[in-house]
Amino acid sequence: MNIVVAMKQIPDLQQIRIRNRQPVFEDVPLTLGPIDKNALEAAVAIKEQLEAQVTVLSAGDENVEDTVKEALAAGADQCYLVLDDALKNAESSVTAEVLAAALKQMEDKPDLILFGEGSGDNYSGQVGSRVAAILDLPQVGYASAIEVGEGKAVVTRSLENCEEVVEVTLPAVVTVIAGINEPRIPSVSQILKAGRKPKEIVEPDELNLDLENAKTDTLSNLAPETQRKRVVVKSVDELIQALTSEALIGR
Amino acid sequence: MIIVGGGLSGLAAAYTLAQEGLEVLVLERGDYSGAKNVTGGRLYVNPVRELFPDLWKKAPFERFIAHEQVVMMAKERSVTIDYSGSELAVEPYQSYSILRAKFDRWLAKQAERKGAMLVTKNRVDDVIMENGRVIGVWAGGEELRSDVVIACDGVLSFTAEKAGLRKPGRANDYAVGYKEIIELPLEVIEARFNLEGNEGAARLFMGEVTQGMFGGGFLYTNKESISLGVVVGIHDLMQGEVAAPELIDLFKQRPEIRRLIKDGNTAEYSGHAIPEGGLKAMGKLFGDGILVAGDAAGMAMNIGITVRGMEYALASGYIAAQAYLKARERQDYSAASLSVYQKLLDESFIMKDFNSFKDAPQVLENPRFFNYYPEMVGDMMKEIYEVPNGPKKKIFPTVKSRLKFGELMAMAGDLRKVMKI
Amino acid sequence: MTAILIYSDQDNFALELVTAARSLGAAEVKAVTINNEEQAQVLANAGAQVLKIDNEAVVSADVAAVAAAVAQAAEKAGTDTVLLTSNRRGKELAGRLAQIMGAGCLTDVSSIKIEDGQIKCQRNALGGATVAVQTITTDKKVIAVMPRTFEAATGAGGSMEAIQVNIPAATIKLLEVKAKSGDDVDIEAAEVIVAVGQGLNDAGQLPMIEQLAKKLGGEVACSKPVATDKKWLSEERIIGLSGKNCKPKLAVLLGISGQVQFTVGIRDAKTIVSVNTDENASINTMADYILVADLHQAVADMNGKL
Ligand SMILES: Cc1cc2nc3c(=O)[nH]c(=O)nc-3n(C[C@H](O)[C@H](O)[C@H](O)COP(=O)(O)OP(=O)(O)OC[C@H]3O[C@@H](n4cnc5c(N)ncnc54)[C@H](O)[C@@H]3O)c2cc1C
Ligand SMILES: Cc1cc2nc3c(=O)[nH]c(=O)nc-3n(C[C@H](O)[C@H](O)[C@H](O)COP(=O)(O)OP(=O)(O)OC[C@H]3O[C@@H](n4cnc5c(N)ncnc54)[C@H](O)[C@@H]3O)c2cc1C
Ligand SMILES: Nc1ncnc2c1ncn2[C@@H]1O[C@H](COP(=O)(O)O)[C@@H](O)[C@H]1O
């Protein structure tokens, strides 16, 4: 059983600061998307039950080679990286083309391809669906549980108002939600071993891929302006008075 | 080879050992090196330049310090001494302002490039001892063995304590520092501090900034931010009425400071302990299978109003690595073999500094330095500069009226002690 | 703008999309419904031109089938632009539909308008730290709009027409639908919200919070750790990036520090009150009224006085 987990390198969101409404990326450490880590954990949990090989797939700039260590330490067996500066902030449709091409190229055909429900920075939730469409695979989104059987998987899809339990034939694309598990923290010896795990690194050319143009354009990306009163009230009485005068309470 | 703590001392040791081709593992509890490390912000490069010859060209310094200023702050006035010697403005520059989040991360990268393994987000939970000798550490529920452990885990070094090398300190041996990084546009910083290009200013404050307590305030200009902070002795702080975090707020409200940081955005706020008991408070620096470096060994010094620790951290990390290399040649990691560390330290600027300043902490516990003198100098200046409507008094009587006989004697006494520093 | 096609699995969201399409100046608002006679009726009554698909092969759990059906409907309707709802089903569909249509796609769109001849969409980025304004540069467009961004449409003059679609063999089998257990609160619809964070001492204090919410005529909500780590409240009540997006008239935030992942879910509230022991808590920068106090004390006080 081959499980591929698509993971995106993102800036550590907790470290991004805002200056003049602009996000400051300078010196912000890189990490992998938080929900992508849930996807990896889901794969490792399956591996612990069955014979499985877990491959991390990531597209991005050359820093990914370093960032991906986190995933190798957390239980992935190997990684497949498509590296090019142009892939750093690639738009979802472009990323999907690249990932799909990489998946086609893999020697061990993937049975299960896991994604996060959304990437940490862009959170568009498109890439998994697009890859499934390109490869013409069935997909189940928003998984809160995955059980793998012979040639199929039973997946619980968590929607706003209900949960659907579906059976899907493999190979398939599944995207997971953050609540599916609690990613493990790798031990020191796992981290030390991570450096020695196999890495396959390719460039977009080697996938016979002409990177397509982005299908969307970002006109601006600014921190929202908050226009709040910021009145400091001294007591509950003063608060109640203020809210009453605004007709927010005591109607 | 395991190093506990990926601050300056740990990284310096790792860099040095990795350069020799040894397998080095650095365990750092923070998300990354420099994430939580606090410093005022000035690094003197001269003492450590030779130890890491390849390192400095690309180091992420903020600004070289070309303007040294001391501000004596009284309640309602202050006196500033500004020194801008030409030697400060020629290469190689003596000191730089730095930001640890940047600097430590960069240093970590250099050590990794040399082949050191840095494992972050991993705290050392215990030290493994066998027959009184350190044989490794516990981290993340795992036993990790090592010939020698170098404890570089900072001021409250848990590793050195567990290995029995240091006792929990007394309050007088520590200060606490509170610091903010306040962001301002480059041009604003240059204008407010009268800087050109990459020049920077270091401004130290004494007196009212600590409300007369043992300590001082500091301000360093970075490229696009200001490091502003207050350092106070824990002992004084425990007795004082003002809570430490308030000191920095009061400091920021002083007119001298307020206008410098106006419209700035506080990007970071931190508090941290500083060892400053001097030589007398230093613990044992080595044992069977263990070496201690940097703040963990108590190697930081408060010389009046400025704290120095980063050079000592870098140099002691380097020297600990040398000591390990010597012990390795002998394949003997006993305390006796590792005692070469003490010898190397004694020969270095570190111990020379600590010896020549060995009385500094005690002298500086004299509250007059932080309370009386700034007030007095301020008053004197006020009278000197005041032009009343009517004839101005002669200056000498002004000064003399301030300096009565008893006062002069006390000053002379204080002065004598200071001369020893 | 010529015609726009809309689709949502939920009737009320579909009606909101009709309004969205009209706001973009669509000459014709077309709507596709799948095996849902009732929704077709509702949308036609609101003035949409409904394309009805009745085909057992299109199981709603099979996104591939739904995407194929909607894409064929778009082609039949001659529309380049499809609006979807950015709920989970809608988002999952968006990517697949866009891919087979060759369309650019934006999801989680919180505001959409025509400006300089372009459709400009706003959406959160960087975990909510910023708001991006984006456009789709291809002719074909798939846009998934957040629920409750528009009012539900009313109107008349709609129509209905059945269409046929070809759907490949199913690869997904729906085994079971489970109602979500427990809490069916809808904090997004509440006009008043009383939200607690980790400043709350323990679960034993919750009744007091509930009492306050009741007195203010609102619902209790929380920050994420209160639900996921402490499990004091259900996950339905989480505000923020991984929870709900609330726009109440009044939000009373108790013991919440104000990390962006939380604030994105409440920054559109009309009035925000923050009660926090820390006057420097970052939540205070986005509050209208700030009370620096112990929340337990303050809530007891408020309960007594209201
Ligand atoms: C407010 C303030 C102002 C100062 N100003 C100056 C100045 O201007 N100039 C100057 O030279 N010095 C200054 N100093 C002193 C200087 O910052 C320190 O001496 C120096 O940082 C010491 O470096 P270090 O590597 O020994 O320790 P640290 O930098 O403290 O590094 C210790 C590292 O160990 C890690 N660690 C701790 N425990 C564990 C564990 N159990 N497991 C794993 N990792 C662990 C920590 O996370 C940390 O990264 C100042 C200090 C303060 C607080
Ligand atoms: C990918 C991702 C998604 C996330 N999504 C969400 C999300 O959707 N929603 C969410 O909420 N978080 C989310 N988080 C977590 C978020 O980053 C914060 O950790 C979380 O919001 C903090 O919750 P808090 O404010 O309750 O707790 P804390 O940050 O611990 O704050 C507690 C506050 O209570 C105050 N306080 C303490 N005692 C008292 C008292 N007695 N009286 C009054 N005040 C007191 C303190 O001063 C402090 O300000 C997400 C994080 C990530 C990485
Ligand atoms: N550059 C990338 N490399 C690998 N996987 C990615 C990349 N971008 C997105 N993904 C995957 O696609 C999911 C959804 O991403 P998004 O559509 O950006 O929200 C993520 O959770 C990842 O699993």
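Heads up: these notes are all about the structure in this document.

Conventions adopted
Residues numbered from 1 in each chain as written. Chains lettered and ligands numbered in written order. Predicted model: local features only at pLDDT ≥ 70, side-chain atom pairs only at ≥ 80, totals over all residues. Heavy atoms only, no water. Near = heavy atom within 4 Å. Polar contact = N/O pair within 3.5 Å; in protein donor to acceptor, adjacent residues only side chain to side chain. Areas by Shrake-Rupley, 256 points an atom, 1.4 Å probe, with all protein chains shown as cover. Helix = DSSP H or I, 4+ residues; strand = E, 2+ residues; numbered from the N terminus. Nonpolar A, V, L, I, M, F, W, Y, C, P; charged D, E, K, R; others polar. Pairing = 2+ DSSP bridges. Axes fitted to C-alpha atoms, helices over the stretch in contact; angles between N-to-C directions. Contact = heavy atoms within 4.5 Å. Phe/Tyr/Trp six-rings, centres within 6.5 Å; stacked < 30°, edge-to-face > 60°. Buried < 20%, exposed > 50% of the residue type's maximum accessible area, 1.4 Å probe, protein only. Lys NZ or Arg CZ within 6 Å of the ring centre and 35° of its normal. Buried area = accessible area lost by both parts, 1.4 Å probe. Salt bridge = Lys/Arg side-chain N within 4 Å of Asp/Glu carboxyl O. Arc of directions from axis to C-beta. Expected span 1.5 Å × (residues − 1). Core = buried A, V, L, I, M, F, W, Y, C linked by side-chain atoms within 4.5 Å.

**A short note on the site of ligand 1**
Residues and elements named next belong to chain B. The environment of ligand 1 is made up of 35 residues, and the closest members are Glu-28, Gly-40, Arg-42, Arg-100 and Asp-295. Here Arg-29 contributes a side-chain N or O atom positioned 3.2 Å from an oxygen atom of ligand 1. For ligand 1, an oxygen atom lies 2.9 Å from a polar atom in the backbone of Met-310. Across the complex, the protein chains shield 96% of the 1000 Å² of accessible surface that ligand 1 would expose by itself. Where the shell around ligand 1 is concerned, the elements lending two or more residues are α1 (8–19), β14 (215–221), β16 (265–275), β20 (306–308) and α8 (310–330). Of the residues assigned to the shell around ligand 1, the class counts are 13 nonpolar, 13 polar and nine charged.

**A word on the sheet that holds strand β12 (residues 192–196) of chain C**
In spatial order, the strands read β15(A)-β16(C)-β15(C)-β14(C)-β12(C)-β13(C); together these six strands make up an open sheet with parallel pairing. Pairing within the sheet leaves two strands with one partner each, and these edge strands are β15 (231–233) of chain A together with β13 (219–222) of chain C. Recorded for the sheet is a direction-independent mean angle of 20° between the axes of neighbouring strands. As paired elements, β12 of chain C and β13 of chain C share four bridges and run parallel to each other. Note that in β13 of chain C the partner of Val-194 of chain C across the bridge is Val-220 of chain C. The strands touched by helix α5 (residues 206–216) of chain C are β12, β13 and β14 (250–254) of chain C; relative to β12 of chain C, the strand with the most contacts, the crossing angle is about 165°.

**So, the packing of aromatic side chains**
All names here are of chain B. Tallied over the full model, the rule gives 14 aromatic pairs over all chains. Judged by centre distance (6.3 Å) and plane angle (80°), the ring pair of Phe-52 and Trp-56 falls under edge-to-face. For the pair Phe-52 and Trp-56, a shared accessibility class is recorded, and that class is buried. Ring geometry for Tyr-324 versus Tyr-333: centroids 5.7 Å apart, planes at 10°, classification stacked. With a relative accessible area of 3%, Tyr-324 lands in the buried category. Tyr-333 sits in the buried class, given a relative accessible area of 9%. Counting every residue linked through ring pairs, the aromatic cluster contains Tyr-15, Phe-52, Trp-56, Phe-61, Phe-64, Tyr-93, Tyr-96, Phe-103, Trp-106 and Tyr-318. Here Lys-284 stacks its cationic end above the ring of Phe-286, 4.7 Å away from the centre of that ring.

**Section: the interface of chain B and chain A**
You'll often see interface size given as the accessible area lost when the parts meet. Listed by partner, the interface residues are 17 residues for chain B and 16 residues for chain A. Both sides together, the interface formed by chain B and chain A hides about 1300 Å², and carbon and sulfur atoms give 46% of it. Here chain B and chain A share seven salt bridges between them. Of the charged contacts in the structure, one is a salt bridge between Glu-183 of chain B and Arg-17 of chain A, with a shortest N-O distance of 2.0 Å. Linking chain B with chain A are seven residue pairs in polar contact (both at pLDDT 80 or more), by the criterion used here. Counting residues per element, the side of chain B that touches chain A draws most heavily on helix α2 (residues 100–113) of chain B, at three residues.

**What to know about helix α7 (residues 236–245) of chain A**
Residues of α7 of chain A that are buried include every one of Val-236, Leu-239, Ile-240, Ala-242 and Leu-243 of chain A, and no others. The arc that holds the buried residues of α7 of chain A, viewed along the axis, is 160°, so those residues lie on one side. Facing away from the buried side of α7 of chain A, by more than 90 degrees, are the exposed residues Gln-241 and Ser-245 of chain A. Summarising the contacts, the buried residues of α7 of chain A are in contact with β15 of chain A together with β14, β15 (271–276), β16 (289–292) and α8 (295–305) of chain C. Phi turns positive, to about 60°, at Ala-247 of chain A, one or two residues after α7 of chain A.

**Digging into the site of ligand 2**
Residue and element names in this part refer to chain C. Neighbouring residues of ligand 2: 27 residues in total, closest Ser-223, Ser-242, Ser-257, Asn-276 and Asp-294. Between an oxygen atom of ligand 2 and a main-chain N or O atom of Lys-224, the distance comes to 2.8 Å. At a separation of 2.5 Å, a nitrogen atom of ligand 2 approaches a polar side-chain atom of Asp-294. Isolated, ligand 2 exposes 990 Å² of accessible area, and the fraction of that covered by the protein chains is 78%. If you list the elements that add at least two residues to the shell around ligand 2, you get α6 (224–228), α7 (260–263) and α8. Looking at the shell around ligand 2 residue by residue, the class counts come to nine nonpolar, 15 polar and three charged.

**Some points on the interface of chain A and chain C**
Each side of the interface is counted separately: chain A has 72 residues, and chain C has 73 residues. Between chain A and chain C, a total of about 6400 Å² is buried, with carbon and sulfur atoms accounting for 54% of that surface. At the surface where chain A touches chain C, the tally comes to six salt bridges. Across the contact surface, chain A and chain C share 42 residue pairs in polar contact (both at pLDDT 80 or more). Taken together, the residues that form the side of chain A that touches chain C break down as 35 nonpolar, 18 polar and 19 charged. Strand direction decides the pairing type here: β15 of chain A and β16 of chain C, joined by three bridges, are parallel. Residue pairing for β16 of chain C: Val-233 of chain A is matched across the bridge by Leu-291 of chain C.

**Things to note about helix α3 (residues 63–77) of chain C**
Residue and element names in this part refer to chain C. Under the 1.5 Å per step criterion, the end-to-end length of α3 is 21 Å for 15 residues, consistent within 8% with the ideal 21 Å. Across the 15 residues of α3, 12 count as buried, placing the element largely inside the fold. Val-63, Ala-64, Ala-65, Val-66, Ala-67, Ala-68, Ala-69, Val-70, Ala-71, Ala-73, Ala-74 and Ala-77 are the residues of α3 that are buried. Positioned one or two residues after α3, Gly-78 has a phi angle of 70°, which is positive.

**Overview of unusual backbone geometry**
Residue Leu-170 of chain A is joined to Pro-171 of chain A through a cis peptide bond whose omega torsion reads 0°. With an omega of -5°, the peptide bond running from Glu-91 of chain B to Pro-92 of chain B counts as cis. Inspection of the secondary structure assignment puts Pro-92 of chain B in the loop between β5 (78–83) and β6 (95–97). Look at Asp-108 of chain C: it is not a glycine, yet its phi comes out positive at around 55°.

**So, the side chain of Asn-87 of chain C**
Along the chain, the position of Asn-87 of chain C falls in the loop between β4 (81–85) and α4 (88–101). Looking at Asn-87 of chain C, its side chain comes within polar contact range of the main-chain nitrogen of Gly-90 of chain C, at 2.8 Å.

**Examining the nonpolar core**
Residues Ile-146 of chain A together with Trp-56 and Tyr-341 of chain B are the most contacted members of the largest nonpolar core, which totals 132 residues. At 13 residues, the largest contribution of residues to this core is made by α8 of chain B. Filtering out sequence-adjacent residues up to four positions away, Ile-146 of chain A remains in contact with Ala-42, Ile-46, Leu-114, Val-154, Val-155, Val-174, Val-176 and Ile-180 of chain A. Formed by 35 residues, the second largest nonpolar core is a distinct cluster that contains Val-194, Val-196, Leu-200 and Leu-206 of chain C.

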